[in-house]
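Chains, contacts and geometry: an overview
Listed below, chain by chain, are the residues.
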Protein chains: 2
Amino acid sequence: MMAKRTNNMADVLSSVPLFRKVERAEVVALAEQVRELQVERGEILFQRGDRPHGFYVLLEGRITLAFPSEQGAERILEVIKPGETFGEALMFLGHPYPVFSQASVDSRLLDIPEQAINNLLDRDTQLAKKMLAGISIRLHELVSNLEACSMRSSAQRVACMLQHAAPTKGAQEYDVQLPAAKHVVASQLNLTPETFSRVLHVLTESGLIEVSGRVIKVLNAEGLRKLQL
Amino acid sequence: MMAKRTNNMADVLSSVPLFRKVERAEVVALAEQVRELQVERGEILFQRGDRPHGFYVLLEGRITLAFPSEQGAERILEVIKPGETFGEALMFLGHPYPVFSQASVDSRLLDIPEQAINNLLDRDTQLAKKMLAGISIRLHELVSNLEACSMRSSAQRVACMLQHAAPTKGAQEYDVQLPAAKHVVASQLNLTPETFSRVLHVLTESGLIEVSGRVIKVLNAEGLRKLQL
DNA sequence: CGAAAAACTTGATTCTCATCAAGGTTTTTT
DNA sequence: AAAAAACCTTGATGAGAATCAAGTTTTTCG
């Protein structure tokens with residue numbers, strides 16, 4: 001039953017932050033042009049060098065964007081989480097992807113064709129502003145990432161990441177759930193897994209954090225902040 | 001003579017990637033809402049934490065965006081050169097600036113108020129797409145920067161920078177005029193001035209480049225490329 | 001022009017982090 | 001439940017880059 005499928009899809013689209021303010025009729029029209037994808041853990045969505053034909057919204061799962069590299073030591077740039085979009089910037093640019101994207105767990109996502117979004121942009125300036133803001137957020141995050149990457153010591157980079165993950169600014173104690181496997185987080189911080197492990201060990205010995213599996217309990221946010229100097 | 005001033009301003013705005021495809025009449029309308037600023041060497045344009053009310057186009061001079069830090073060792077994220085825009089991403093976000101901006105020489109720039117952009121966006125949907133492309137380009141540049149930063153060796157980072165500065169793709173010999181003082185360039189590459197100096201020395205000894213002041217003559221682009229592996 | 005400041009280079013030393021290697025743990029698969 | 005795979009930790013070592021220090025050159029400005 002096609003109408004049903006379109007209706008479901010429209011509901012899904014409306015729940016994505018980017019499309020939340022778009023009129024129902026527009027969303028329904030968009031829903032007919034959108035394709036839902038399932039990818040399995042380890043599957044590659046696109047390779048570095050591929051030409052984009054649209055962009056993606058992740059519904060469920062986890063997608064990593066990374067720079068390829070010989071001898072398998074790729075650098076992970078970003079981990080996409082449900083609700084987030086990716087690939088839109090390259091779509092607008094018409095440049096080939098500088099990174100490749102891989103599902104780190106089984107995932108469900110929407111493929112939004114370039115044509116569909118172009119049509120919508122002509123009619124909905126609210127959406128245009130939202131997309132501008134969305135790409136701006138991306139930019140903002142990349143800037144933070146660069147900031148972290150440019151701090152000299154490994155401990156500083158880790159401390160910075162932990163502070164960013166604080167639920168409320170100024171909280172002294174909180175739990176951080178790592179968004180991915182430790183070696184992935186390490187790569188995002190431009191560290192080797194070994195160094196990351198050692199840093200966590202040192203921070204634990206200093207009484208600043210406690211680690212159990214993928215959960216890190218920050219005990220002394222102020223102490224972490226002092227490392228940044 | 002107001003009309004002349006507005007015309008000049010419109011010419012400048014038309015040359016900004018963001019407004020390249022906007023109708024002349026609209027650019028002229030925009031030009032009337034734009035303010036020209038003069039800042040002196042060392043002057044701070046905005047501080048980290050300030051709220052944006054628009055964005056900037058640099059006409060003349062040089063603006064550095066940097067993360068503040070105690071003991072004066074701030075990390076320079078980007079050097080804005082004439083013709084480039086900055087601050088637009090944060091304007092759409094409505095977030096405070098994560099960096100501060102400082103004129104490294106006496107500079108002239110345009111301040112484009114948020115209101116003016118909003119008015120234009122409502123009228124011209126093509127403009128929205130162009131702005132999307134503009135921000136996408138910035139994002140892409142940042143990604144490249146991150147990619148460069150994640151390359152391990154100092155020589156690789158310098159070689160990468162020199163390749164990016166090539167006038168035509170594939171040229172074997174060309175001159176590179178460094179956009180700023182060597183210590184600034186070093187900081188962009190996340191190197192100390194000392195290390196940067198040593199790397200240039202080594203590359204010179206290998207016969208790959210020749211350095212005289214702020215001009216670097218690339219003698220063997222292919223040799224530089226081979227370093228990247 | 002000449003003094004002062006800033007920018008740049010070079011050398012010696014220290015320290016951080018990647019690499020290599022091996023063992024332990026958790027998760028997934030069968 | 002056992003086997004396999006992926007993930008994580010820990011140790012030893014070496015290479016590369018930061019730091020410290022001292023000169024040299026270039027730029028700025030009275």
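Above this note sits the structure.
Rules used throughout
- Within every chain, residues take consecutive numbers counted from 1 along the sequence as written.
- Labels follow written order: the first chain is A, the first ligand is 1, and so on.
- Where local features are concerned, this predicted model is filtered to residues with pLDDT of at least 70; where side-chain atom pairs are given and counted, the filter is 80 or more; whole-chain, interface and lining totals use all residues.
- Side-chain metrics rest on all non-hydrogen atoms present in the structure, leaving aside hydrogens and water.
- Contact between two residues is taken to exist if any of their heavy atoms lie within 4.5 Å; hydrogens are not considered.
- A simple way to read buried area is as the amount of 1.4 Å-probe accessible surface that goes missing from two parts once joined, with both sides added.
- Take a side-chain nitrogen of Lys or Arg and a carboxyl oxygen of Asp or Glu: if they are within 4 Å of each other, that pair is a salt bridge.
- Polar contact is the term for a pair of N or O atoms within 3.5 Å; when the atoms are in protein, one must be able to donate a hydrogen and the other to accept it, and sequence-neighboring residues count only if both atoms are side-chain atoms.
- Secondary structure elements follow DSSP: runs of H or I no shorter than four residues count as helices, runs of E no shorter than two count as strands, and numbering proceeds from the N terminus.
- Gly falls in the polar group here, along with every residue not listed as nonpolar (Ala, Val, Leu, Ile, Met, Phe, Trp, Tyr, Cys, Pro) or charged (Asp, Glu, Lys, Arg).
- Each residue's exposure class comes from its accessible area (1.4 Å probe, protein chains only) as a fraction of the maximum for that residue type: buried when under 20%, exposed when over 50%, partly exposed otherwise.
- Pairing between two strands is assigned when DSSP locates at least 2 bridges connecting them.
- We define proximity as follows: a residue is near a molecule or strand when any one of its heavy atoms falls within 4 Å of that partner.
- In this comparison the copies share one frame, found by least squares on the C-alpha atoms of residues holding pLDDT of at least 70 in both.
- Within this scheme a cavity is a closed region of a 1 Å grid, computed over the protein atoms alone, that accommodates a 1.4 Å probe without allowing it to escape, whereas a pocket is open but has protein on both sides within 12 Å along at least five of seven lines; lining residues each have an atom within 4 Å of a point.
- Grid points are joined across faces, edges and corners, and a volume is the space filled by probe spheres set on the points.
- Directions from the helix axis toward the C-beta atoms define the arc.

Turning our attention to the interface of chain A and chain B. Contacts between the two partners involve 35 residues from chain A, matched on the other side by 37 residues from chain B. Summing both partners gives a buried area of about 3500 Å² for chain A against chain B, and 73% of it is carried by carbon and sulfur. Remark: the boundary between chain A and chain B carries zero salt bridges. Connecting chain A to chain B are zero residue pairs in polar contact (both at pLDDT 80 or more). When contributions to the side of chain A that touches chain B are tallied by element, the ones reaching two or more residues are β5 (75-80), α3 (88-93), α4 (114-123) and α5 (125-150) of chain A. Ranked by residue count, the leading element in the side of chain A that touches chain B is α5 of chain A, at 19 residues. Residues of the side of chain A that touches chain B, tallied by class, amount to 20 nonpolar, eight polar and seven charged.

Residue and element names in this part refer to chain B. Burial along strand β9 (residues 174-177) is one-sided: Tyr174 and Val176 are buried, and none of Asp175 and Gln177, which face the opposite way, are. One ladder, built from four bridges, connects β9 with strand β11 (residues 215-218); its direction is antiparallel. By the bridge assignment for β11, Asp175 is matched with Lys217.

The environment of DNA strand C is made up of 17 residues, and the closest members are Ser153, Ser154, Thr195 and Arg198 of chain A together with Arg198 of chain B. Among the atoms of DNA strand C close to the protein, meaning within 4 Å, 67% are from sugar or phosphate groups. Contact between DNA strand C and Ser154 of chain A: a phosphate oxygen at 2.4 Å from a main-chain N or O atom of the residue. Between DNA strand C and Thr195 of chain A there is a distance of 2.6 Å, counted from a phosphate oxygen to a side-chain nitrogen or oxygen. Counting only elements with at least two residues in the surface near DNA strand C, the list comes to α8 (193-205) of chain A together with α7 (182-188) and α8 (193-205) of chain B. Its residues assigned to classes, the surface near DNA strand C comprises two nonpolar, seven polar and eight charged.

The next subject is the relation of the copies chain A and chain B. In screw terms, the move from chain A to chain B is a rotation of 177 degrees and a rise of 0.3 Å along the axis, fitting with an RMSD of 1.1 Å. Taken together, the rotation and translation describe the operation of a two-fold axis. Residue by residue, 100% of the interface of chain A is reproduced at the interface of chain B, so both copies engage with the same surface.

As a further point, take empty space enclosed by the protein. Under the counting rule described, the total for this entry stands at one cavity of 30 Å³ or more. Of the pockets and cavities examined, the largest cavity occupies roughly 220 Å³. Put simply, the parts of the chain that give the lining of the largest cavity at least two residues each are β5, α3 and α5 of chain A together with α5 (125-150) of chain B. The residue inventory of the lining of the largest cavity, partitioned by class, reads 13 nonpolar, two polar and three charged.

Within the sequence span of helix α2 (residues 24-31) of chain B, burial applies to Glu26, Val27, Leu30 and Ala31 of chain B. Taken end-on, α2 of chain B shows its buried residues confined to a sector of 145 degrees, consistent with a single buried face.

What follows is about unusual backbone geometry. Of note, Asn190 of chain A is a non-glycine position whose phi angle comes to about 60 degrees, a positive value. Residue position: Asn190 of chain A is located in the loop between α7 (182-188) and α8.

On to the side chain of Arg75 of chain A, then. Within the secondary structure, Arg75 of chain A is located in strand β5. If sequence neighbours within four positions are ignored, Arg75 of chain A has contacts with Leu65, Ala66, Phe67, Asn145, Ser187, Gln188 and Asn190 of chain A together with Leu146 and Ser150 of chain B.

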